[in-house]
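Summary of the model geometry
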Amino acid sequence: MFAKAFRVRSNTAIKGSDRRKLRADVMAAFPTLGTDQVSVLVPGKEELNIVKLYAHRGDAVTVYVSGGNPILFEVEKNLYPTVYALWSYPDLLPAFTTWPPVLEKLVGGADLMLPGLVVPPAGLPPVQKGDLCAIALLGNRVAAPVCILTNIARGFPSLHIFTNTCCFLCCLC
């Protein structure tokens, strides 16, 4: 989604009512987060901006930026964490593990395929088609891309990877 340049439509500070609604949306979308964790992710008094932009395909995307880092983004009323949020909360999404050479291919735009996964002794995380998941490197729990599982045999299309243009959004805020 953020592989190519995007166009910023607006960049405004979030209002108190929108901040409370965002907290409620985060709690509904990510029930594994506790109230304290949501309060840290969506701070009460610190600067929090809403950046509305158009992706290269014309998709309208809303990005929530806290402390100069994009933490969440919303597309078609669906809320997704960025890798910045996953670095703070690595257990937010089920994570699959892959090898460093495979990550290079993902950064280039490839989807993660089943042969690129490292299967732990406990097995793969229990996920269903359409579930959000994270991809981490072997030996590192920190997520690199955020993906939606479409079909485990066909692959995981990436929504956001730490090297794409969403990561450079912090320069705009």
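Below: a short report on this structure. (Residues numbered from 1 in each chain as written. Predicted model: local features only at pLDDT ≥ 70, side-chain atom pairs only at ≥ 80, totals over all residues. Heavy atoms only, no water.)

With that out of the way, let us pick up the overall build of the chain. Tallying secondary structure elements over the chain gives four helices and 10 strands in all. Put simply, the chain runs from its N terminus to its C terminus through helices and strands in the order β-α-α-β-β-β-β-α-β-α-β-β-β-β. Across the 173 residues that make up the chain, the buried fraction comes to 42%. Sequence-distant contacts in the chain: of pairs separated by 6 or more residues, those separated by 24 or more amount to 56%. Accessible surface, the chain as shown: approximately 9200 Å² in total, 56% of it carbon and sulfur. (Helix = DSSP H or I, 4+ residues; strand = E, 2+ residues; numbered from the N terminus. Buried < 20%, exposed > 50% of the residue type's maximum accessible area, 1.4 Å probe, protein only. Contact = heavy atoms within 4.5 Å. Areas by Shrake-Rupley, 256 points an atom, 1.4 Å probe, with all protein chains shown as cover.)

What follows concerns the packing of aromatic side chains. Under the defined criterion, the tally for this structure stands at two aromatic pairs. Taking the centre distance of 5.1 Å and the plane angle of 65° together, the rings of Tyr 84 and Trp 87 count as edge-to-face. One end of the pair, Tyr 84, and the other, Trp 87, are both in helix α3 (residues 83-88), three residues apart, so they sit about a helical turn from each other. The class for Trp 87 is partly exposed, based on a relative accessible area of 37%. (Phe/Tyr/Trp six-rings, centres within 6.5 Å; stacked < 30°, edge-to-face > 60°.)

If you trace the backbone, Tyr 89 turns up in the loop between α3 and β6 (95-98). For Tyr 89, a relative accessible area of 13% puts it in the buried group. Each C-alpha atom of the pair Tyr 89 and Leu 41 lies 9.2 Å from the other, and the pair is 48 residues apart in sequence. When sequence neighbours within four positions are dropped, the list of residues in contact with Tyr 89 reads Leu 33, Gln 37, Val 40 and Leu 41. In this structure the side chain of Tyr 89 is engaged in a polar contact, spanning 3.2 Å, whose partner is the backbone oxygen of Gln 37. (Polar contact = N/O pair within 3.5 Å; in protein donor to acceptor, adjacent residues only side chain to side chain.)

As a further point, take the pairing of strand β2 (residues 48-54). The element β2 is extensively covered by neighbouring structure, given that five of its seven residues are classed as buried. Judged from the seven bridges that link them, β2 and strand β3 (residues 60-66) form a sheet pairing that is antiparallel. Note on β3: the bridge partner recorded for Lys 52 is Thr 62. (Pairing = 2+ DSSP bridges.)

Here the focus is the side chain of Thr 62. Inspection of the secondary structure puts Thr 62 in strand β3. Contact partners of Thr 62, with chain neighbours within four places excluded, come to Ile 50, Val 51, Lys 52, Leu 72, Phe 73 and Glu 74.

Time to look at the layout of surface pockets. Looking at the largest pocket, its volume works out to about 320 Å³. Along the wall of the largest pocket there are 18 residues; nearest its centre are Lys 21, Asp 25, Tyr 64, Glu 74 and Leu 79. Contributing elements (two or more residues each) for the lining of the largest pocket: α1 (16-29) and β5 (78-81). When residues in the lining of the largest pocket are grouped by element, the largest group, six residues, is from α1. Tallied by class, residues from the lining of the largest pocket come to 11 nonpolar, two polar and five charged. (1 Å grid on protein atoms, 1.4 Å probe; cavity = no way out; pocket = protein on both sides within 12 Å on 5 of 7 lines; lining within 4 Å. Points joined across faces, edges and corners; volume = space filled by probe spheres on them. Nonpolar A, V, L, I, M, F, W, Y, C, P; charged D, E, K, R; others polar.)

Before going further, it helps to spend a moment on the pattern of salt bridges. With the rule as written, the count across this model stands at one salt bridge. Here Lys 21 ties to Asp 25 by a salt bridge, and the two come within 2.9 Å at their closest N and O atoms. You can see Lys 21 and its partner Asp 25 sitting in helix α1, four residues apart, about one turn around the helix. (Salt bridge = Lys/Arg side-chain N within 4 Å of Asp/Glu carboxyl O.)

Turning our attention to the nonpolar core. Leu 22, Val 26, Phe 30, Leu 33, Leu 41, Tyr 64 and Leu 72 are the most contacted members of the largest nonpolar core, which totals 30 residues. Going through the elements one at a time, α1, α2 (35-41), β2, β3, β4 (69-75), β5, α3 and β8 (132-137) are the ones with two or more residues in this core. Judged by nonpolar contacts, the second largest core, of eight residues, contains Phe 96, Leu 117, Val 127 and Cys 133. (Core = buried A, V, L, I, M, F, W, Y, C linked by side-chain atoms within 4.5 Å.)

What follows is about α1. Between its terminal C-alpha atoms α1 stretches 20 Å, which fits the 20 Å expected from 14 residues at 1.5 Å a residue. Restricting attention to buried positions, one finds in α1 the residues Arg 19, Leu 22 and Val 26. Seen from one end, α1 has its buried residues packed into an arc of 60°, which puts them on one side. Facing away from the buried side of α1 by over 90 degrees, the exposed positions are Arg 20, Lys 21 and Ala 28. Close packing links the buried residues of α1 with α2, β2, β3, β4 and β5. (Expected span 1.5 Å × (residues − 1). Arc of directions from axis to C-beta.)

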